[in-house]
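If you want the building blocks of each chain, they are given just below.
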Amino acid sequence: MARREILIIPDKRLRLVSEPVKTVDAEVRRLIEEMFEVMYEAPGIGLAAIQVGAPKRIVIMDLAKKDEEKQPQVLINPAILWASEEKAAYEEGCLSIPEYYEEVERPARVKVRYLDRDGKEQEIDASGLHATCVQHEIDHLNGVLFIDHLSKLKRDRVIKKFTKAAKRADD
Ligand code: NI
């Protein structure tokens, strides 16, 4: 089977609201494996299922540095239970908006409930880059991109650039 491809803006599918996973079955686990392949190949530190065209509420992450052992994380049907008042700013990027980086301010800490790849309910307290990454990926499940957190001017400029590039590729 061909490797799944990463959707790039302005692909409309990136704006879909993804559906909850009903049962964590073999098909879901297969999708998760394919997502890890794509993410590690890219390479990236986070990926939502919709970025490979599957509108399911699944997020994967691996924040390990190059020389560290892999730390794969799978969050199925993740929900933010709590977010801190305190904010933190990180430079974000997205595999669906290649080679574009901008600083985004988000809650510095979040508590998230999700199902793991065995379908067991789990909770995590995330802070630092982890908190930013979790929020960025959960946004994808709601059709939200990190550029939506920027000024309209900046966002319009990026979308225009990628729309032009997509048109050129079509010609
Ligand atoms: Ni992203």
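The structure under discussion appears in the preceding block.
Anyway, here's the lowdown on the structure attached to this text. (Residues numbered from 1 in each chain as written. Predicted model: local features only at pLDDT ≥ 70, side-chain atom pairs only at ≥ 80, totals over all residues. Heavy atoms only, no water.)

1. Structural notes on the overall build of the protein chain
Threshold: Helix numbers and strand numbers start at the N terminus; a helix is a DSSP run of H or I with at least 4 residues, a strand a run of E with at least 2. Radius of gyration here uses only the C-alpha atoms, and the compact-globule reference equals 2.2 Å multiplied by the residue count raised to the power 0.38. Think of it in three bands: residues with accessible area under 20% of the maximum for their type are buried, residues over 50% are exposed, and the middle band is partly exposed, with areas taken using a 1.4 Å probe on protein chains only. All accessible-area figures derive from a Shrake-Rupley calculation using a 1.4 Å probe, and residue coverage is judged against the displayed protein chains alone.
Scanning the protein chain for helices and strands turns up three helices and seven strands. Starting at the N terminus and ending at the C terminus, the protein chain contains elements arranged as α-β-β-β-β-β-β-β-α-α. The C-alpha atoms of the protein chain give a radius of gyration of 16 Å, which matches the 16 Å a tight globule of 171 residues would have. Its C-alpha atoms put the protein chain at 45 × 45 × 35 Å along the principal axes. Per-residue burial for the protein chain yields a buried fraction of 43% across its 171 residues. Counting only carbon and sulfur atoms, one obtains 49% of the accessible surface of the protein chain, whose full area is about 10,100 Å².

2. Regarding the coordination of the nickel ion
To keep things clear, this is the line we draw: Listed donors are limited to N, O and S atoms within 2.8 Å of the metal, widened to 3.2 Å for Na, K and Ca; water is not among them, so incomplete-looking sites are possible.
At this site the nickel ion is bound by Cys94 (SG), His136 (NE2) and His140 (NE2), with donor distances of 2.1 to 2.3 Å. When its relative accessible area of 6% is taken as the criterion, His136 is described as buried.

3. Here's the deal with the packing of aromatic side chains
Each aromatic ring pair is summarised here by two numbers: the centre-to-centre distance and the angle between the ring planes. Defined as follows: Pairing of aromatic side chains requires ring centres within 6.5 Å, counting the rings of Phe and Tyr and the six-membered ring of Trp. Pairs whose planes differ by under 30 degrees are stacked, by over 60 edge-to-face, and all others tilted. Ring-over charges, as used throughout, are those where CZ of Arg or NZ of Lys falls within 6 Å of the ring centre and within 35 degrees of the ring normal.
Applying the stated criterion across every chain, the model contains two aromatic pairs. Each ring, one from Phe36 and one from Tyr40, has its centre 5.6 Å from the other, and the planes form 25°; the classification is stacked. You can see Phe36 and its partner Tyr40 sitting in helix 1 (residues 26-41), four residues apart, about one turn around the helix. For Phe36, a relative accessible area of 7% corresponds to the buried category. What makes Tyr40 partly exposed here is its relative accessible area of 30%. Taking NZ or CZ as reference, Lys70 lies 4.8 Å from the ring centre of Tyr40, over its face.

4. Digging into helix 2 (residues 128-141)
Put simply, the rule is: An expected span of 1.5 Å times one less than the residue number is assigned to each helix.
The end-to-end C-alpha separation of helix 2 is 21 Å, in line with the 20 Å expected for 14 residues at 1.5 Å each. Most of helix 2 sits inside the fold, with twelve of its 14 residues counted as buried. Listed in full, the buried residues belonging to helix 2 are His130, Ala131, Thr132, Cys133, Val134, Gln135, His136, Glu137, Ile138, Asp139, His140 and Leu141. Directly after helix 2, the chain includes Gly143, whose backbone phi takes a positive value near 75°.

5. Concerning the pairing of strand 4 (residues 87-94)
Counted only if it meets this: Think of it this way: DSSP has to see at least two bridges between two strands before they count as a pair.
When strand 4 meets strand 5 (residues 97-107), the two strands line up antiparallel, connected through seven bridges. What sits directly across from Tyr90, in strand 5, is Val104. The loop that links strand 4 with its antiparallel partner strand 5 comprises two residues.

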